[in-house]
Amino acid sequence: MIKRLVQELKSEARSVFTLAWPLVLAEIGWMVMGLVDTIMVGRLGNSAEAIGGVSLGSVIFYTAAIFGGSLLYSLDTKVSQSFGAGDLRDADHSLLNALYIVVPLAPVLMLLIWTAGRMLPRMGINPGVLVQALPFLSAMNWSTFPLLLYFAFRRYLQAVDLVKPVTLALISANLVNVLGDWILIYGHFGSPAFGVAGSGWSTCISRTYMAALLFGVVIWQHRKQKRALFQPPFSPDFARIAELLRIGLPAAVQIFFEIGVFATVTALIARFDAASVAAHQIALNCASFTYMVPLGISSAAAVRVGQAIGRRDPEGAGRAGWTAIAMGAAFMSLAAVVLVLAPRLIVRVFTPDPQVMRIGVMLLLVAAAFQLFDGLQTVATGALRGAGETRIPMLSSFVAYCVIGLPVGYYLGLRQGWGAVGLWTGLAFSLAVIGTFLVFAWRRKARAILIGYSHHRRLSILPEFGDDGSSAI
C-alpha cells in the first residue's frame, strides 16, 4: 500500500513538473520583461526618478489589466475539466465565450487606467517620479487589448496540455522587448529617444506579438486535429459567459486585492524620497521574480486538478494539489535563503546608489521572511481554482490584505517612521495569514471531493461534479 502510494506520488510529481516547468519559464519570461524595462531605464541620467516612474506606472496599469486577465482564470477550470472528460468541443465553446468577455472589457479597463493617470497629480506624488510615470502609463495603456487576448489563448492552451508554445511566446517576446527598449528609450536606428515612455511602447509591441503568436498556435492545433476552431452556435452563450464570470470574478477580485494593496503601498512609498521608491521597485521586482515559479506551478496545479475532476478521479485531484503545493513550498524556501545571503549583490545589479542600496537590502530581508507563505498561498489558490473554488481565496485575501496587512503596514511605515520597511512588514503579515489559511482550505476541499465521489459510488451512480469541483451531497 505504501509502495503504491509512493509510486503514485512520484508519477504525479513527474506529471506536475512536466506541465509546470514550461509555465514557470513563461512566468519568468513575463517577469524578465519588467526587469529589463527597469534596468534599461535605470541607465538613464535620472536613474531614481526613471525607475520610480516605471514602478508607479506599472502598478497602476497592472492593477486594472491583471484584474481583467484574471477574469479569464475560469478557463483553467472549465477547459481543463472539459479536456479531462474528453469533450474538446465544450473546451472550444468556453474559449469562444471568453473572447466575448474580452471585447467589451478592454475599452472599459483602458478608460479606468486613463482616469487613474489623470488623478496622479492630485495625490502628492514626488514631481520627478510623476513626470516619468505619466507618459509611460499612457503608452502601456494601448497594450490592454492584446494582453487580454494573450491571457485567453494562454489559459486555453495550458488547460489542453499545450504549454511549450506559451514559453516560446514569452521568451521570444523578451527579445522583441529588449530590441524595442534599445531603440525607443535611447533613440537608435533613427527613432526619437522617448526615454521612459519608449519602454512602455516597446512593451505594447511585445504584447501584441505574444497574442498573435498564441492565436496562431490555437489555429495550428485545430488544423492538426482536423477540427474547426469554433463550431455553431457562434453567438454569445450568455449562460456560459455567466458561468465563466461566476468562477472568474472571485479570482479577479482576489488578484485585485493583492495587486491593489501593492499599488497602495507603492503610492504611499512614492510620497517618500526617490531612493525609497527606487528601492521598493527593485525589491518588488525581485520578490515578483521568485513568485513567478510558484505562479507557474499554480497554473499546473489548476490544470492537473481540473483534468482529474473531469475524468472522475478525486484521489488524483488530491494528489495533484498536494504535490504542486510541496513543489512550490520547496522552491520558495530556497529563494528565501538566497535573499538572506546576497541582498547587497542583488540590489547592486540595478543601481550603485548608496541610499537605494541601504533601503533595498532591508526590503529584500523582509521579502525573504514571506517567501514560503507566498508560495503556499499561490499554489493552493491554483489547486482550489482547478476544483472551481475561487470564493474562499477571494475572502481570505480581503481579510489578510485589507484588514490585517495594510493597516499594520501603514501604522509601522507612516506612524512609527519605519518608512518603506514598515509597509513591507505589513505585507509580510498578510502573506503569512493567507498562506496558512489556504493550505487548510485546500485540505478541506480535497476531502470534500473525495467524500462526495465515494458517496455516489456507494449509490452506484457516477458523480456529477459541479463547477466547484464537488458533488451534490
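Since the structure is predicted, the reported quantities are computational estimates derived from the model, not experimental observations.

S.K.: Would you mind going over the overall build of the protein chain with me for this structure?
M.R.: From N to C terminus, the protein chain includes 15 helices and zero strands. Relative to the 2.2 N^0.38 estimate, which gives 23 Å for 473 residues, the radius of gyration of the protein chain is 22 Å and therefore close to what a compact globule would have. A principal-axis box enclosing the C-alpha atoms of the protein chain has dimensions of 70 × 45 × 35 Å. Within the span of the protein chain, comprising 473 residues, buried residues form 61% of the whole. Considering only contacts within the protein chain whose residues lie at least 6 apart along the sequence, 83% involve residues at least 24 apart. For the protein chain, the separation between the mean place of its 36 positive charges and that of its 23 negative charges on side chains is 3 Å.

S.K.: Could you clarify how one ought to interpret the pattern of salt bridges in this entry?
M.R.: Where charged atoms from two side chains of opposite charge approach closely, those side chains can pair. Here the structure, examined in full by the defined rule, presents eight salt bridges. The partner of Arg155 in a salt bridge is Asp76, and the shortest N-O contact between them spans 3.0 Å. Of this pair, Arg155 sits in helix α6 (residues 144–159) while Asp76 sits in helix α3 (residues 74–84), placing them 79 residues apart in sequence. By the burial criterion, Arg155 is buried, and Asp76 matches it. Each member of the salt-bridge network shares a partner with another, and the members are Lys78, Asp90, Arg240 and Glu243.

S.K.: Would you explain the packing of helix α4 (residues 88–119) against helix α5 (residues 127–141) in this entry?
M.R.: When two helices pack together, their arrangement is given by the angle between the helix axes and by the axis-to-axis distance. Relative orientation of the contacting elements α4 and α5 amounts to 175°, with a least axis distance of 10 Å. The angle between the axes of α4 and α5 places the two elements in the roughly antiparallel class. Residues Met110, Ile113, Trp114 and Gly117 of α4 touch α5, and the partners they reach there are Leu134, Leu137 and Asn141.

S.K.: Which parts of the structure should I look at to understand the side chain of Gln371?
M.R.: Within the element layout of this structure, Gln371 appears in helix α13 (residues 354–386). Dropping the residues within four chain positions of it, Gln371 is found in contact with Thr290, Met332, Ala335, Ala336 and Leu339.

S.K.: Whenever I open this one, the packing of helix α7 (residues 164–186) against helix α8 (residues 196–224) confuses me. Can you help?
M.R.: The N-to-C vectors of α7 and α8 enclose an angle of 155°; their axes lie 8 Å apart at closest approach. One finds that α7 runs roughly antiparallel with respect to α8. Viewed along their axes, α7 and α8 form a crossing whose handedness is right-handed. For the contact of α7 with α8, the class distribution of residues is 16 nonpolar, eight polar and one charged.

S.K.: Got a minute to help me understand the environment of Gln416 in this structure?
M.R.: For Gln416, the position within the fold is in the loop between α14 (391–415) and α15 (420–458). Separated by 78 residues in sequence, Gln416 and Val338 have C-alpha atoms that sit 29 Å apart. Of the polar contacts made by the side chain of Gln416, one reaches the side chain of Tyr411; its length is 2.9 Å.

Rules behind the numbers
- Residues numbered from 1 in each chain as written.
- Predicted model: local features only at pLDDT ≥ 70, side-chain atom pairs only at ≥ 80, totals over all residues.
- Heavy atoms only, no water.
- Helix = DSSP H or I, 4+ residues; strand = E, 2+ residues; numbered from the N terminus.
- Rg over C-alpha atoms; globule rule 2.2 N^0.38 Å.
- Buried < 20%, exposed > 50% of the residue type's maximum accessible area, 1.4 Å probe, protein only.
- Contact = heavy atoms within 4.5 Å.
- Lys, Arg positive; Asp, Glu negative; His and termini not counted.
- Charge placed at Lys NZ, Arg CZ, Asp CG, Glu CD.
- Salt bridge = Lys/Arg side-chain N within 4 Å of Asp/Glu carboxyl O.
- Axes fitted to C-alpha atoms, helices over the stretch in contact; angles between N-to-C directions.
- Parallel < 35°, antiparallel > 145°, perpendicular 65-115°, else oblique.
- Left-handed = near helix turned anticlockwise from the far one by under 90°.
- Nonpolar A, V, L, I, M, F, W, Y, C, P; charged D, E, K, R; others polar.
- Polar contact = N/O pair within 3.5 Å; in protein donor to acceptor, adjacent residues only side chain to side chain.

Limitation: the analysis is restricted to geometry and does not speak to function.
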